[in-house]
Amino acid sequence: MKQPWIFSKPRLLGIVWPFIAVALFQALLGCVSLYTMSAVRSYVAGESLWSKGQKDAIHYLSLYANRHDERDYLKYQKAFSVPQGGQALRKALDQPNPSLADARSGIIQGGNHPDDVNGIIWMYLNFHNFSFMKQVIHFWEVGDGYLMQLDELARHIHERVGQGAVSAAEVDQWREQINVINEGVTPAARAFSDALGEGSRLILNLLIAVNLVTAVVLILLALLRVRRLIVQRRVFADALQLEKERAQITLESIGDGVITIDVAGAIVYMNPAAEGLTHWKSTQASGLPLAALFNLLDENDQKDQSTLVEQIITGNLKGGSANSKLIQRLDGSTVSVALVGTPIYTEGVISGAVLVLHDMTQEQQYIA
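Residues numbered from 1 in each chain as written. Predicted model: local features only at pLDDT ≥ 70, side-chain atom pairs only at ≥ 80, totals over all residues. Heavy atoms only, no water.

(A) Molecular detail of the overall build of the protein chain. Helices and strands together make up the secondary structure of the protein chain, namely 10 helices and 6 strands. Relative to a compact globule of 368 residues, whose C-alpha radius of gyration would be 21 Å, the protein chain shows 46 Å and is clearly more extended. With the principal axes as the frame, the protein chain shows a C-alpha extent of 150 × 35 × 35 Å. When the 368 residues of the protein chain are sorted by exposure, 36% land in the buried category. (Helix = DSSP H or I, 4+ residues; strand = E, 2+ residues; numbered from the N terminus. Rg over C-alpha atoms; globule rule 2.2 N^0.38 Å. Buried < 20%, exposed > 50% of the residue type's maximum accessible area, 1.4 Å probe, protein only.)

See the structure below:
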């Protein structure tokens, strides 16, 4: 009785899906890392613009206080709008319900590229509770506080200049106030820059560590999966070998001769009964054409013009007395056999054939 096959055929997706998942996860992690570093880069660029804007604003306000030239005041307003945009961004996102539209407007006003807007907002909303980001925001607020004092002073100066009759004492007082604000905002700006740089390095090291740990974990998972596949393959191979040994024992035990050939008609295997009928050893006949073993004769001792391979493929060897043939061996002796041939199909295509030879000597003796 044929034993049921207990192992299911492995599917390609079932084999490769863990590796696909590993590749997708690593790609996703890489994208998140790159996006985070891009957001950090945007903050560094924004800090540079903020710092330059506050320095230019102080410079042009000093010039305006000395020369009372309206063009200097316009340059001050343009320079001051850069840190003012950063302040608008921070205030918009610090609300209980963050205003993304106001935040975007503030980022653009601050001089950042429009493509950096989403990254800046995403990082502020998701990292503002981290210690390094809290420190950055703290010094950001301190610097904005000084700049608001500067803008208030600028409005006062502009109003007095517009009224006319500005005294030298007032100018000296304004210059002193500008210097005080500058001495206060400069350390805050430096601390803001240092905190942002420290935070960017921390994020970089953290992302590197996360990527390395993830890579190690994924490699271990891949190794476990490969080990499982190797074990499964070994089980399949052992099961296949067992089936092959069973088939080999069965073929060697039966009394009929069994010959297997490939699609070209070359001999692949002969069992002991076939060796006895043909007077050929399987090792000697392996690779030879089937016609090398014997000749087919008809009832008048004439050679059969059609080959066995052709008869098997065309389905003319299905057993019975109609396929009782005389075969002439190389030593000239003959023996009557019943031939049964069956083609072997592999994925719908003939890849070989099996020929069974049943010795009819005793049957013919009984009939006689």
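(B) Quick look at helix H3 (residues 100-109). The complete set of buried residues in H3 reads Ala103, Gly106 and Ile107. Projected onto a plane normal to the axis of H3, the buried residues spread over an arc of 100° and lie on a single side. In this structure, the buried residues of H3 make contact with helix H2 (70-93) and helix H4 (117-127). With its phi angle positive at about 100°, Gly111 sits one or two positions after the end of H3. (Arc of directions from axis to C-beta. Contact = heavy atoms within 4.5 Å.)

(C) Layout of the packing of aromatic side chains. Tallied over the entire structure, the rule returns 7 aromatic pairs. Ring geometry for Tyr73 against Tyr76: centres 5.7 Å apart, planes inclined by 35°, an arrangement best described as tilted. Note that Tyr73 and Tyr76 are positioned in helix H2 at a spacing of 3 residues, about one turn of the helix. A relative accessible area of 6% means that Tyr73 is categorised as buried. The interplanar angle of 70° and the centroid separation of 5.6 Å between the aromatic rings of Trp122 and Phe127 together place this pair among those described as edge-to-face. For Trp122, a relative accessible area of 27% translates into the label partly exposed. Ring pairing ties together the aromatic residues Tyr35, Trp122, Phe127 and Phe130, which thus form one cluster. (Phe/Tyr/Trp six-rings, centres within 6.5 Å; stacked < 30°, edge-to-face > 60°.)

(D) Expanded view of a nonpolar patch on the surface. A grouping of Val213, Val217, Leu221 and Leu224 is seen on the molecular surface, where their side chains present a nonpolar patch of about 360 Å² in accessible area. Mapping Leu224 onto the fold places it in helix H6 (residues 168-253). Residue classification places Leu224 among the exposed residues on the basis of a relative accessible area of 55%. (Patch = residues over 30% accessible without salt bridge, like charges linked within 9 Å, V, L, I, M, F, W, Y side chains within 5 Å. Areas by Shrake-Rupley, 256 points an atom, 1.4 Å probe, with all protein chains shown as cover. Salt bridge = Lys/Arg side-chain N within 4 Å of Asp/Glu carboxyl O.)

(E) Layout of the nonpolar core. In this structure, Tyr43, Tyr76, Met123, Leu150 and Ile157 are the most contacted members of the largest nonpolar core, which totals 46 residues. Elements with a contribution of two residues or more to this core: helix H1 (12-67), H2, H3, H4, helix H5 (131-163) and H6. Residue contacts for Leu150: discarding those within four places in its chain leaves Ala57, Ile58, Leu61, Tyr76 and Ile181. Within the second largest apolar cluster, 20 residues are counted, among which are Ile261, Ile267, Leu355 and Leu357. (Core = buried A, V, L, I, M, F, W, Y, C linked by side-chain atoms within 4.5 Å.)

(F) Quick peek at the pattern of salt bridges. Applying the stated criterion to the full structure yields 10 salt bridges. Between Arg90 and Asp144 there is a salt bridge whose closest N-O contact spans 2.8 Å. With Arg90 in helix H2 and Asp144 in helix H5, this residue pair connects regions lying 54 residues apart in the sequence. Each member of the pair, Arg90 as well as Asp144, carries the same accessibility label: buried.

(G) Just the sheet that holds strand E1 (residues 257-262), in detail. Overall, antiparallel pairing links the 6 strands, which are arranged E2-E1-E6-E5-E4-E3 in an open sheet. Each edge of the sheet is formed by a strand with only one pairing partner; in this case those strands are strand E2 (267-270) and strand E3 (294-297). The sheet shows a mean angle of 35° between the axes of neighbouring strands, taken without regard to direction. As paired strands, E1 and E2 are joined by 3 bridges and run antiparallel to one another. (Pairing = 2+ DSSP bridges. Axes fitted to C-alpha atoms, helices over the stretch in contact; angles between N-to-C directions.)

(H) Highlighting the side chain of Thr214. Examined against the element boundaries, Thr214 turns out to sit in helix H6. Relative accessible area serves as the criterion here: at 13%, Thr214 is assigned to the buried category. Apart from residues lying up to four places away in sequence, Thr214 is in contact with Phe25, Gln26 and Leu29.

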